[in-house]
Each structure stands twice: as structure tokens, then as C-alpha cells.
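Each chain, letter by letter, is given below.
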Amino acid sequence: MAVSIKAERELELMREAGKILAITHEELGKIIEPGISTWKINRVGEEIIKSYGCTPSFLNYRGYPASICISVNDEVVHGIPSKKRVLKEGDIVSLDAGVIYKGYHSDAARTHAVGEISKEARQLIDVTKQAFFEGIQYAKEGCHLHEISKAIDEYATSFGYGVVRDLVGHGIGSSLHEDPQIPNFTQRRRGPKLCAGMTLAIEPMINMGAWQVEWLNDDWTVVTRDGSLSAHYENTVLITKGEPEILSIRQTGECG
Ligand code: MF3
Ligand code: CO
């Protein structure tokens, strides 16, 4: 299927969805501390999303039972919130959330430190975020999709990290997942040409150790095979003829 080009009317709705999602992440960042359960984080996130008249897009998506995916330490993505999962000093926690505003989606993820964390864990979080920004240097009309993939891969692997291969970014719009798939690792082909009006969820998932992952028996939670820490950073991005517009970061306030 072809990659859809959004009309200005649609982009206005995606900008609003992105802004509300950015605010949600900012607010959730403030409550991350030792002692909070992942269940509580999910509940607060869901309330914020609903308070803006949005729908949490992950809730009941293919049976996923919560609004925010919360993945701790060696959990890569799609961790399920639980009252029994209480964050402790030194953990890292990835929050992935999606909202629907008037039929249009935004999707974004952040990884946070819980209290004081090791230098190594801090670097993993920072490199994962920077890998996204390395990738989006190629997120503009005229570039090819897999230039983004290659830039993310080369940056992350230069630190000795493993780039997750089993999960990828994606187009986004009136559905959470649209074409194209966006791998975070180097491809043989250069991929489709990017055009203004495409909207992409670009989401490096980076392991401190090897890239291989496994699924837990809840059929959702993805963990690193070697037990190493993993971080995730994602934004919904609009391709333009010039610099990409990052829809899920507020232009003032949040530093991502
Ligand atoms: N951000 C993820 C993605 O892009 C989360 C969706 S999985 C869900 O695929 F089930 F939790 F919704
Ligand atoms: Co996504």
C-alpha cells in the first residue's frame, strides 16, 4: 500500500493530537519516582489523555489491556502496567503512549530514570534519544526512508549497543499503524522516497547488550534476551520540504 500524504486539515488534527501527547509525557515525567507502581502511572496517563477529550489508542488495541505501555529495565516495549510492579531507585522506565484526537493519531515514547541511575544507564537513555535525532536529519522530502534507519543504526552501534530488529517504527495518521514500516537498522535497499505530508512514528529501541529480544508469556512484554537494559524514544514526525516537524514535542516547555 502507498504511503499516505496528509491534507492540511488532517495535519491540524495530528498537531493537536501530538501536542496533547507531548503534555501527557511531560506530566508523566514528573511523577516518576521510587515507590510508584506502573499501574498508577498508567492511570494518571489515561486521566490526562481523557481530560483533553482524547482516546488512549493503545487501550484494547489487539487486546492490549492498558493505555500506556510501561517497560522497566530489560523490558524493551509493551510492558503491561501492574500494581505489583513498583519502581525502585536505579531503574529505568520506558513510557509509550498513543492518543486519538478527532480520528487522528499521535504516538510517542520516552525513557526516564527512576531516582539516581548508573552512568551507563544514563548514557543508554541519552544515546537512544539522540539516535532519533540522528535519524530525522534524513526525514525530509527527497531523502529515502532507509537513510533514517541507517543513521539510527550507525549512531547506536557506535556505542556498542544492540539495535532491536523485531520491532519497527511506522506510518501513522487515521490509523496507529500505517505504511511504511521503519526499521531502526541498516537495510540493503534505500526504501521509498519521502514526500512532504507523510507522517511517521520513528522509534529507536536500543539495548545496552545484544539486539535479540524475546516475548514473555503475557504475549506482550518484549525483553532483551541477554537481560541487558533497553531504552525507547519515539515521536510522531511530519515530513516537509525542509526540516521535519516533530508533532509530539511542544515547541516551548518540554525538552523531550
Ligand atoms: N508505540 C507502539 C507501536 O508503535 C505501541 C503499540 S502496541 C499497543 O506499535 F498495543 F500497546 F498499543
Ligand atoms: Co509507535
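For every chain, the first residue of the written sequence is number 1, and numbering continues from 1 along that sequence. Chains and ligands are labelled by the order in which they are written, letters from A for the one and numbers from 1 for the other. In view of the model being predicted, local features appear only for residues whose pLDDT reaches at least 70, and side-chain atom pairs are presented and counted only at 80 or more, with totals across whole chains, interfaces and linings using the full set of residues. The basis for every side-chain value is the complete set of non-hydrogen atoms in the structure, without hydrogens or water.

Enquirer: How do you make sense of the overall build of the protein when you look at a structure like this?
Expert: In DSSP terms, a helix is any run of H or I states spanning at least four residues, a strand is any run of E spanning at least two, and both are numbered starting from the N terminus. Counting secondary structure elements, the protein contains 4 helices and 15 strands. Over its C-alpha trace the protein gives a radius of gyration of 17 Å, about what one expects of a compact globule, namely 18 Å for 256 residues. For the C-alpha atoms alone, the extent of the protein along its principal axes is close to 45 × 40 × 35 Å. Residues counted as buried form 54% of the 256 residues belonging to the protein. The contact rule is simple, with two residues in contact once any of their heavy atoms fall within 4.5 Å. Counting only contacts in the protein whose residues sit at least 6 apart along the sequence, the fraction spanning at least 24 positions is 70%. Only the protein chains shown count as cover for residues, with accessible areas throughout obtained via the Shrake-Rupley method and a probe of 1.4 Å. Just so you have it, the protein exposes about 11200 Å², and 49% of that area is on carbon and sulfur atoms. Counting rule for charge: Lys and Arg are taken as positive, Asp and Glu as negative, and neither His nor the chain ends is counted. Where a charge sits is defined by one atom per residue type, namely NZ (Lys), CZ (Arg), CG (Asp) or CD (Glu). Of the charged side chains in the protein, 28 are positive and 35 negative; the average position of the first set lies 2 Å away from that of the second. Throughout, the radius of gyration refers to the C-alpha atoms, and the reference size of a globule is 2.2 Å times the residue count to the power 0.38. When accessible area is computed with a 1.4 Å probe and restricted to protein chains, residues below 20% of their type maximum are described as buried, those above 50% as exposed, and intermediate ones as partly exposed.

Enquirer: Got a minute to help me understand the coordination of the cobalt ion (ligand 2) in this structure?
Expert: Each angle at a metal carrying four tetrahedral donors should ideally be 109.5 degrees, and each at a metal carrying six octahedral donors should ideally be 90 or 180 degrees. The rule for donors is simple: an N, O or S atom within 2.8 Å of the metal counts, and for Na, K and Ca the reach is 3.2 Å. Water is not among the atoms, so a site may look short of donors. Every protein donor of the cobalt ion (ligand 2) is listed here as D107 (OD), H170 (NE2), E203 (OE) and E234 (OE), and their distances to the metal cover 2.1 to 2.2 Å. Along the chain, the residues donating to the cobalt ion (ligand 2) are arranged with the sequence spacing D-x62-H-x32-E-x30-E. Note that D107 is positioned in strand 5 (residues 104–113) and H170 in strand 7 (residues 169–171), a separation of 63 residues in sequence. For D107, a relative accessible area of 3% puts it in the buried group.

Enquirer: Is there a simple way to explain the environment of V237 in this structure?
Expert: Relative to the assigned elements, V237 resides in strand 14 (residues 235–238). Using a relative accessible area of 0% as the deciding quantity, one classes V237 as buried. The spatial distance from the C-alpha of V237 to the C-alpha of L124 is 22 Å, given a sequence separation of 113 residues. Once residues within four sequence positions are removed from consideration, V237 is found in contact with F132, I136, A139, M198, T199, L200, I202, P244, E245, I246 and L247.

Enquirer: What exactly am I supposed to notice about the sheet that holds strand 3 (residues 75–77) here?
Expert: Pairing is antiparallel in the open sheet, where 3 strands are placed in the order 3-12-11. Two strands in the sheet have a free side with no partner beyond their single neighbour: strand 3 and strand 11 (213–215). Between one strand axis and the next, the sheet turns by 40° as a mean value, whatever way the strands run. Paired strands, as defined in this entry, are two strands with at least two bridges between them according to DSSP. Alignment of strand 11 against strand 12 (residues 222–224), held across 3 bridges, turns out to be antiparallel. The residue of strand 12 that forms the bridge with W215 is V222. A fitted line through C-alpha atoms serves as each axis, taken over the contacting stretch for helices, and the angle formed by two N-to-C directions is quoted from 0 to 180°.

Enquirer: Sorry, what's going on with the packing of helix 1 (residues 8–31) against helix 2 (residues 38–51) here?
Expert: The axes of two packed helices give the description: the angle between them and the distance between them. Close contact between helix 1 and helix 2 brings their axes to 10 Å; oriented N to C, the two are set at 150°. Put simply, helix 1 runs roughly antiparallel to helix 2. Along this stretch, helix 1 crosses helix 2, giving a crossing that reads as right-handed. In contact with T24, E27, L28 and I31 of helix 1, helix 2 contributes I41, V44, G45, I48 and I49. Geometric relationships in this document are graded by angle, where less than 35 degrees denotes roughly parallel, more than 145 denotes roughly antiparallel, 65 to 115 denotes roughly perpendicular, and other angles denote oblique. Helix crossings are classified by the rotation of the near helix relative to the far one: an anticlockwise turn of less than a right angle makes the crossing left-handed, while a clockwise turn makes it right-handed.

Enquirer: Which parts of the structure should I look at to understand the side chain of T38?
Expert: Looking at the element boundaries, T38 is found in helix 2. For T38, the contacting residues outside a window of four places in its chain are I70, V72, I80, P81, S82, R85 and L87.

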